[in-house]
Each structure stands twice: as C-alpha cells, then as structure tokens.
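# Observations on chain architecture
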Amino acid sequence: ALWAIEMNEGFYTNLGYRGELLFADTGGGHGHDPRRPELHAFFLVAGPSIRGGASLGLIRQTDIGPTAAGLLGIDLPGTEGRRLF
C-alpha cells in the first residue's frame, strides 16, 4: 500500500457512508494499525504435542489456520501464514 488511514479511538470506517463523522461507543472494527497493543488479542492452544508454558510472542492471525491444520495432520498448500510449531 502507498498509504493508509488510521482512525482515532472510537471511530471506524464504513464503505459507502457519506454523512458526518460519528463517534462509535460500541462495536468493533478492522484495519487498525497492528502496532497498537490495546487492540491485540491472545491465542491459547493446548494438547499433547503442545509444550506447556511456552510463549509465541506476537503472532499474525494468518498463522492460526496453518498451525491448527498442522496439529490435525492436514496440509494447507497456498495459504497465507505459517505453522507456528
């Protein structure tokens, strides 16, 4: 991308909306700067092949699908993301 728009806290974009800017006091949104730690979520996984107490640090959401598929013994060729373990 050549440029991006990052909305201030409480404001979200909406395709096709042409009215005044409105403050959103509920709901969520997509497309925020991934460097904003207050918008980070957590990823928890457990099972016999998972090492207890390990931390993956900050991961990408696109890595969850390949990781889950790998744990199930399924290959996902051509998908975005990588297996985390």
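What you are looking at is a predicted structure, and each value in this text was computed from that prediction instead of being measured.

### Here's the deal with the side chain of aspartate 63
- Here aspartate 63 is to be found in the segment before helix H1 (64-71).
- Separated by 2.8 Å, the side chain of aspartate 63 and the backbone nitrogen of arginine 82 make a polar contact.
- If near-sequence neighbours (up to four positions away) are discounted, aspartate 63 is found in contact with Gly81, Arg82 and Leu84.

### Some remarks on a nonpolar patch on the surface
- A cluster of nonpolar side chains, namely Phe43, Leu56, Ile64, Leu71 and Phe85, defines an oily patch on the protein surface of about 370 Å² accessible area.
- Given a relative accessible area of 30%, phenylalanine 43 falls into the partly exposed group.

### With respect to H1
- Within H1, the full set of buried residues consists of Pro66, Thr67, Ala69 and Gly70. The buried residues of H1 occupy an angular sector of 165° when the element is viewed end-on, so they sit on one face.
- Within two residues after H1, glycine 73 carries a phi angle of roughly 80°, on the positive side.

Each value, and the rule that gives it
Residues numbered from 1 in each chain as written. Predicted model: local features only at pLDDT ≥ 70, side-chain atom pairs only at ≥ 80, totals over all residues. Heavy atoms only, no water. Helix = DSSP H or I, 4+ residues; strand = E, 2+ residues; numbered from the N terminus. Polar contact = N/O pair within 3.5 Å; in protein donor to acceptor, adjacent residues only side chain to side chain. Contact = heavy atoms within 4.5 Å. Patch = residues over 30% accessible without salt bridge, like charges linked within 9 Å, V, L, I, M, F, W, Y side chains within 5 Å. Areas by Shrake-Rupley, 256 points an atom, 1.4 Å probe, with all protein chains shown as cover. Salt bridge = Lys/Arg side-chain N within 4 Å of Asp/Glu carboxyl O. Buried < 20%, exposed > 50% of the residue type's maximum accessible area, 1.4 Å probe, protein only. Arc of directions from axis to C-beta.

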